[in-house]
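Structural overview for review
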Amino acid sequence: MKIIESSSVSEVELPLQLKISFRKVFVLLEKYAKKEFINHPFHSSAIKMVQIFEKHPELNDGFSDYTLLQKYKEQINLLLDPLFPEALKLNEIKAASIPFSFTSFKFTDRFNDILKNAGKDYELNVRNFEDDSMYIMACTFILSFVYGYHIDVKRPFYFDIPDKKTGTMKYYRTAFNADFSDITPTKNAPFITEKDFKKLLNNFENIALWKEKFPPNSYIFKGFGIINLFDVTSEEMLSSIKANLLEGGENLIPNLQGNLRDFYSIKDLKLGFSIFDNINTKVCETKINKSNSLILNDSEIKCDTGYFCNGIMQTVFKDHKTFIISDVEEYGEKTNKNGFYKNLKNSNIQSIILIPIKATENGDLALLEIASPRAYELNSVNINKLKDIIPVFEAAVKRTSEERQNVLEATIQENYTSIHNSVKWRFYEAAEKYHNETQASENAKLDEIVFKDVYPLFGQSDIKGSSEARNSAIKEDLITQLSLAITVLKDACKSEKLPIYNELMFRVSSYLKDVEKGLNAGDEVSILDFLNREIYPVFNHIKDINTALSKKVSVYMNRLDKKLNVVYEKRKEYENSVTLLNDKLAKFLDNKQKEAQEMFPHYFERYKTDGVEYNMYIGQSITQSKTFDSLYLYNLRLWQLQTTCEMENLAFYERKNMKHDLRVASLILVHSNAMAIKFRMDEKQFDVDGAYNIRYEIIKKRIDKAHIKNSEERLTVPGKVAIVYSQDKDALEYIKYINYLQSKNQLGKIEFLELEDLQGVTGLKALRVEVVYQKDFDENKTITFNDLIKEIEA
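As the structure is a prediction and not an experimental result, all values here were calculated from the model.

**Let's talk about the overall build of the protein**
Of the regular secondary structure elements, the protein holds 25 helices and 23 strands. For a compact globule of 794 residues, the expected C-alpha radius of gyration is about 28 Å, and the protein comes in at 43 Å, more than 25% above that figure. Dimensions along the principal axes, computed over C-alpha positions, put the protein at roughly 135 × 80 × 60 Å. A buried classification covers 46% of the 794 residues belonging to the protein. Within the protein, residue pairs in contact and separated by at least 24 positions form 69% of the contacts whose partners lie at least 6 positions apart. For the protein, the exposed surface amounts to about 41,800 Å²; the carbon and sulfur share of it is 49%. Looking at charge distribution, the protein has the averaged site of its 108 positive side-chain charges lying 3 Å from that of its 115 negative ones.

What follows is the structure, encoded as structure tokens:
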């Protein structure tokens, strides 16, 4: 007789002293051993078994020494045989067991096989039952047996038993039959009153109270129980799959793969999925997310390449039905070993199930892939096991698709619209109001989004001489291209003495001389048109004359940009330099903005041109969470000047990483009066509201072209920050900030300037101050906004 004793039985504290006894079996046998049951089929065997009890009274009285199970194994086997019918031993998973310790004996054949497959080290342990829970469960057992108080705290017992043969885990729910048990209180057991019972009902988690009412070892359990196990692997996996799908996360696919391996008892089963974004409503032109796919190795699939067979195209992508390949080799023979077969073969897949799940209404499709390295392990029969699981996957795919759509919309809103986080609350408020009004009326209108009494701040770091640098790059590229063309024509003249070559060379040389003198509007277009119309057809002829000329033409063509069909070398260097500088400045400003937002929420928008420019608006109407004070405006102005100095340093030291030596000129526009800004629905962006405030927008658009009064000198120059203002009080405020930054050796000499009148704008003045470039400047170690405030307070 197999005996499994729990290693933790001596460690688990219980209110029960556990004794194994077969008294209730003896009572039953004693009944059938009486003369009135002489004709009963159990009569003669009952007499023999009663004699066993009389010969071995320990079996009746009970024992806690589990070694006696081994000593009396033959007698116990005989006594329990009626409870374990021979006809059911191969089907039932049953054993005799001691409650709460799960020391078990007398197993059915099927149970023995399960334990044998679990390995020698396996021990029967209940899942998710802590010691306190077991103690309280034993107390409720006593309340029912001894006092007649029934508490429904039934929690199913589960055993997770590995199957070494398949390399998977099996899950079993346990039913316990306590008909052969008895419980009696010792003299140390307090009597449980109805008042005690009610108090316990209100204190289930209070283990100290339960131990007070049911002290350890204060009751004696005599008997044994019968446990029946039921294989619930499928139900457990369905539940686990649901939980994993709800939880999501980076480990979703590995977790689901583990679930399905247990579900199918295939230790090396593989799971993958791909999402087909049906952008063009044609399966042939779908965009594929293949990051977790088992079956795809290209980001694009073309129907005409024959990657999928017609059966898959029709069944999966058009009819949205499951497709099963139980033998990949047989599939390969039928499809002339198409691309799909080759991919499966290379991935060591021999049977596979493809389950299409419609993700969205616009036709997006998720493809669930379940595969095995052996033929026929997945087939049209065992796919029916998935019927209860597929609806769960469908719900999860739809939810994931919706979440993905929300992420995309959030990305679009963050990067492609002007709705800044600081004002998003107002848009939600308006949208909520509109939604509620549409329920009651068809004439509902969206609110205008207006923020009144806000103070504007404008700044820019403009790349100086960008137009000249761009024109110079165009000029150099054209000179290169025309010079290469002349080289080809010269060599052609040597091979063929045709006058047309000399005439063409003359015209190309004329264009070259004109370009070297300087570019005019339209020159580039006319030159390229000339080359395309008259030179390239000649090149097509020249390259067929001999190998040397063919190589010359190839050298020319290889220097051209593949997309633009022009020499694009210096322009590319220039544009790369502009992009590098713009990206550096924009990223730096965005990171600094996060600090400033913590000080006080304010609206911020940034644009990339040839350089970076930005608007900020601060005021009470922008936020609901804080009370505005002018101090926050002054802080933000100081932050702006400090950040401008740092951006100047960043641009200055970035020159070493650029092919073109680009410099920036920085400008800050000061405006003292509060204004209103309004979201323009047609332009999808904020703009100033009111005729008076339009003047501010005019100044912004024209100020960087302004000259110092009575001179030809531009206000904005590299190496200096220009601060434009119209009221002297603003100048006094900024002089304080400049003095502070001068004390930190970040700014140098200051100039007081008057500006020439702009169209529609007069009376502007400016402070222009030198930037002191820091030798040890590090963009990652700039002074934070909080540090700035502490310095000022100190």
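**A closer look at the sheet that holds strand 9 (residues 225-231)**
In space, the six strands of this open sheet follow the order 1-4-3-9-6-5, with antiparallel pairing throughout. Across the chains shown, the open sheet's two edge strands, defined by having one partner strand only, are strand 1 (3-4) and strand 5 (157-163).

**Things to note about the pairing of strand 16 (residues 603-609)**
Consecutive residues of a regular strand have side chains that alternate between opposite faces of the sheet. The pairing of strand 16 with strand 17 (residues 611-618) spans seven bridges and is classified as antiparallel. Looking at strand 17, one finds that Y607 is bridged to E613. Counting the residues that bridge the hairpin from strand 16 to strand 17 gives one residue.

**Focus: the pattern of salt bridges**
Evaluation of the coordinates by the stated rule reveals 38 salt bridges. The shortest N-O distance in the salt bridge between K211 and E13 comes to 2.7 Å. A residue pair is termed long-range when its members are at least 10 positions apart, and K211 in helix 9 (residues 207-213) and E13 in the loop between strand 1 and strand 2 (16-20) qualify at 198 residues. With relative accessibility at 29%, the residue K211 sits in the partly exposed group. Note that D529 is salt-bridged to R533, the shortest N-O span being 3.1 Å. With a gap of four residues between them, D529 and R533 both fall in helix 19 (residues 523-542), about one helical turn apart. Residue classification places D529 among the partly exposed positions, given a relative accessible area of 41%. A relative accessible area of 47% places R533 in the partly exposed class.

**Considering the sheet that holds strand 2**
If you walk across this open sheet you meet the three strands as 2-8-7, and the pairing is mixed. A strand with exactly one partner marks an edge of an open sheet, and here the two such strands are strand 2 and strand 7 (181-185). Going across the sheet, the axis of each strand differs from the next one's by a mean of 20°, ignoring polarity. As paired elements, strand 7 and strand 8 (residues 219-223) share five bridges and run antiparallel to each other. Its bridge partner being in strand 8, I183 is matched across the sheet by F221.

**Description of empty space enclosed by the protein**
All told, the structure shown has one cavity of 30 Å³ or more when counted by the stated rule. Empty space within the largest cavity amounts to approximately 50 Å³. Lining the largest cavity, in full, are L669, V670, H671, R695, Y696, I699, V724, Y725, S726 and L764. Secondary structure elements with two or more residues in the lining of the largest cavity: strand 18 (664-670), helix 23 (694-702) and strand 21 (720-725). By residue number, the principal contributor to the lining of the largest cavity is helix 23, which donates three residues. Looking at side-chain class alone, the lining of the largest cavity contains seven nonpolar, two polar and one charged residues.

**Some words on a nonpolar patch on the surface**
On the surface, Y434, L446 and M681 cluster together into a nonpolar patch covering about 280 Å² of accessible area. Topologically, M681 is positioned in the loop between strand 19 (675-680) and strand 20 (685-689).

**Points about the confidence of the model for the protein**
Here the protein averages 86 in pLDDT, and 91% of its residues register 70 or above. Overall, residues 279-290 carries pLDDT values under 50, and its contacts beyond four positions in sequence, including any with other chains, amount to 28 contacts.

**Thoughts on the nonpolar core**
Residues F22, F105 and F224 are the most contacted members of the largest nonpolar core, which totals 73 residues. Looking at this core element by element, the count peaks at 10 residues for helix 7 (residues 131-147). When neighbours within four sequence positions are excluded, F22 is seen to be in contact with F53, L59, I76, L80, F105 and F224. Among the nonpolar cores identified, the runner-up in size contains 32 residues, and V488, M505, V508 and F530 belong to it.

**Comments concerning the packing of aromatic side chains**
Counted by the stated rule, this structure contains 38 aromatic pairs. Ring geometry for F22 and F224: centres 5.2 Å apart, planes at 45°, overall tilted. Pair noted here: F22 is in the loop between strand 2 and helix 1 (23-32) and F224 is in the loop between strand 8 and strand 9, with a separation of 202 residues, a long-range link. What makes F22 buried here is its relative accessible area of 0%. The exposure class of F224 is buried, given its relative accessible area of 0%. Relative to W210, the ring of F204 lies with its centre 6.4 Å away and its plane at 80°, an arrangement referred to as edge-to-face. Assessed through its relative accessible area of 38%, F204 is described here as partly exposed. Every member of this aromatic cluster is reached through a ring pair, and the members are W425, F427, F451, Y603, Y617, F679 and F686. Between the NZ or CZ atom of K211 and the centre of the ring of Y135, over which it lies, the distance is 5.3 Å. In this arrangement the basic side chain of K385 is found over the ring face of F263, its NZ or CZ atom lying 4.7 Å from the centre.

**Remarks on the packing of helix 19 against helix 20 (residues 547-558)**
Where helix 19 meets helix 20, the closest approach of the two axes is 9 Å, and the angle between their N-to-C directions is 145°. Between helix 19, through L531, Y536, F539 and I542, and helix 20, the contact on the second element is made entirely by L549, V553 and Y556. Looking at the contact of helix 19 with helix 20 residue by residue, the classes come out as seven nonpolar, no polar and no charged.

**A look at the packing of helix 2 (residues 43-55) against helix 5 (residues 73-80)**
Where helix 2 contacts helix 5, the two axes come as close as 11 Å, and the packing angle between them is 145°. For the pair helix 2 and helix 5, the crossing hand works out as left-handed. Together, M49, I52 and F53 of helix 2 and Q75, L78 and L79 of helix 5 make up the contact between the two elements. In terms of residue class, the contact of helix 2 with helix 5 is made up of five nonpolar, one polar and no charged.

**A look at the environment of K398**
Considering the arrangement of structural elements, one finds K398 in helix 15 (residues 390-416). It is 7.8 Å that separates the C-alpha atoms of K398 and K358, two residues lying 40 residues apart in sequence.

**Describing the environment of N471**
The topology assignment puts N471 in helix 17 (residues 466-495). As a C-alpha pair, N471 and R571 span 100 residues in sequence and 8.7 Å in three-dimensional space.

**Quick notes on unusual backbone geometry**
One non-glycine residue, N217, lies in positive phi territory at about 60°. Relative to the helices and strands, N217 is located in the loop between helix 9 and strand 8.

**Examining helix 16 (residues 424-440)**
The end-to-end C-alpha separation of helix 16 is 25 Å, in line with the 24 Å expected for 17 residues at 1.5 Å each. Inspection of helix 16 places R426, F427 and A430 among the buried residues, and these make up the whole buried set. Down the axis of helix 16, the buried set is contained in an arc of 100°. They therefore lie on one face. Across helix 16 from its buried face, at more than 90 degrees, point the exposed residues Y428 and Q439. In this fold, the buried residues of helix 16 make contact with strand 15 (450-463), strand 19 and strand 20.

Definitions and limits used
- Residues numbered from 1 in each chain as written.
- Predicted model: local features only at pLDDT ≥ 70, side-chain atom pairs only at ≥ 80, totals over all residues.
- Heavy atoms only, no water.
- Helix = DSSP H or I, 4+ residues; strand = E, 2+ residues; numbered from the N terminus.
- Rg over C-alpha atoms; globule rule 2.2 N^0.38 Å.
- Buried < 20%, exposed > 50% of the residue type's maximum accessible area, 1.4 Å probe, protein only.
- Contact = heavy atoms within 4.5 Å.
- Areas by Shrake-Rupley, 256 points an atom, 1.4 Å probe, with all protein chains shown as cover.
- Lys, Arg positive; Asp, Glu negative; His and termini not counted.
- Charge placed at Lys NZ, Arg CZ, Asp CG, Glu CD.
- Pairing = 2+ DSSP bridges.
- Salt bridge = Lys/Arg side-chain N within 4 Å of Asp/Glu carboxyl O.
- Axes fitted to C-alpha atoms, helices over the stretch in contact; angles between N-to-C directions.
- 1 Å grid on protein atoms, 1.4 Å probe; cavity = no way out; pocket = protein on both sides within 12 Å on 5 of 7 lines; lining within 4 Å.
- Points joined across faces, edges and corners; volume = space filled by probe spheres on them.
- Nonpolar A, V, L, I, M, F, W, Y, C, P; charged D, E, K, R; others polar.
- Patch = residues over 30% accessible without salt bridge, like charges linked within 9 Å, V, L, I, M, F, W, Y side chains within 5 Å.
- pLDDT = per-residue confidence, 0-100.
- Core = buried A, V, L, I, M, F, W, Y, C linked by side-chain atoms within 4.5 Å.
- Phe/Tyr/Trp six-rings, centres within 6.5 Å; stacked < 30°, edge-to-face > 60°.
- Lys NZ or Arg CZ within 6 Å of the ring centre and 35° of its normal.
- Left-handed = near helix turned anticlockwise from the far one by under 90°.
- Expected span 1.5 Å × (residues − 1).
- Arc of directions from axis to C-beta.

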